Amino acid sequence: MKDYSHFKEEMQEKKDRKGVILKFIYLTISITLFLFIIFLVLYSYVEISNKFARLKFIVISGNRVLPKKIISNIIISNGTVKLSTYKPSKIYYKIISNPWIKEAKVAKIFPDTIYLVIKEKKPAAFAYYNNDIYIIDNNGNKIDTYKNYLNIPKSLPKIKIKAKSNILSNNFLLKSTITMYEKLDKIGKINYIDVVSSSYQVVNFSNGLKVVVNSLNCPKLALRRLSQKWAYLDTLKNKLDSVSICFDNKFVLKWRKGVGK
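Residues numbered from 1 in each chain as written. Predicted model: local features only at pLDDT ≥ 70, side-chain atom pairs only at ≥ 80, totals over all residues. Heavy atoms only, no water.

Trainee: What am I meant to see in the sheet that holds strand β2 (residues 101–109) here?
Mentor: To summarise the sheet geometry, strands pair through backbone hydrogen bonds and adopt either a parallel or an antiparallel arrangement. Spatial strand order, β1-β3-β2: three strands in an open sheet with mixed pairing. Taken across any chain shown, the strands that pair with only one partner, and hence form the sheet edges, are β1 (57–61) and β2. Put simply, the sheet's adjacent strands are angled 15° from each other on average, direction ignored. Lying on the sheet, helix α2 (residues 68–75) is in contact with β1 and β3 (113–120); it crosses β1 at an angle near 125°. (Pairing = 2+ DSSP bridges. Helix = DSSP H or I, 4+ residues; strand = E, 2+ residues; numbered from the N terminus. Axes fitted to C-alpha atoms, helices over the stretch in contact; angles between N-to-C directions. Contact = heavy atoms within 4.5 Å.)

This is the structure we're talking about:
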């Protein structure tokens, strides 16, 4: 007789493998279906939350010059409180268009918050020109005109532009003038600097002395000499009209009219 036991074993193995494959397929379908249901639930929750979410809080950090109220007014769109109407990308472009904002990061946090982190430009000096007050940075770039709501230290250097040409467009001169102000303010307290031309600036000290400089070309030796002779020049302040210092080996004293040397 023929032995069919081996054949039966092979048939049973095929049947077992088929069962395992079917179980794997059923398990895969079940997991996929379960994940799909979870996705639908979460998606529906987000959509419903997005539809009914209301803006309640605007959290702002990094501002020093701009008040939070001003920034909030930039963000808020026509007074609407529906959170879905606020897109982070649109908020970013609205914020970054403000002349004071250097960098910005925006996040929308459900169900009721917009979070904003900004980096502002740093004011370095007031520039007075044609009855307007401008704020400039350390590089001499104009940031904005002065507004009462801006939180800017009153102690910033004051530069009064008396030149006929538009010095506000001469960034290098303004930068050099700010640098000169900072150096001379260590020698004596300064009230303001008059910019008469690109080569002629008058530093008005609080003690009454007027020192003429060329911010673009003034040797370090001249500043050191001024520091050394400061006490002596202070005794002559009531007789002097001005002192020109930007020379290698001398001062030029301009006496007031009618005053003897």
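Trainee: Got a minute to help me understand the packing of aromatic side chains in this structure?
Mentor: The relation between two aromatic rings is expressed through the spacing of the ring centres and the mutual angle of the planes. Considering all chains together, one arrives at three aromatic pairs under this definition. Positioned above the aromatic ring of Tyr192, the side-chain terminus of Lys160 is 4.0 Å from the ring centre. Over the ring of Phe247 we find Lys250, and its NZ or CZ is 5.3 Å from the ring centre. (Phe/Tyr/Trp six-rings, centres within 6.5 Å; stacked < 30°, edge-to-face > 60°. Lys NZ or Arg CZ within 6 Å of the ring centre and 35° of its normal.)

Trainee: Which parts of the structure should I look at to understand the pattern of salt bridges?
Mentor: A side chain with one charge can pair with a side chain of the opposite charge if their charged atoms come near. On inspection of all chains with the given rule, the structure shows four salt bridges. Residue Lys147 pairs with Asp144 through a salt bridge whose shortest N-O separation is 3.0 Å. The salt bridge involving Lys162 is made with Asp194; its shortest N-O contact spans 3.4 Å. On the criterion of sequence distance, the pair formed by Lys162 in the loop between β7 (158–161) and α4 (171–184) and Asp194 in strand β8 (residues 190–197) is long-range, its members being 32 residues apart. Given the relative accessible area of 55%, Lys162 is considered exposed. (Salt bridge = Lys/Arg side-chain N within 4 Å of Asp/Glu carboxyl O. Buried < 20%, exposed > 50% of the residue type's maximum accessible area, 1.4 Å probe, protein only.)

Keep in mind that these numbers describe shape and distance, not what the molecule does.
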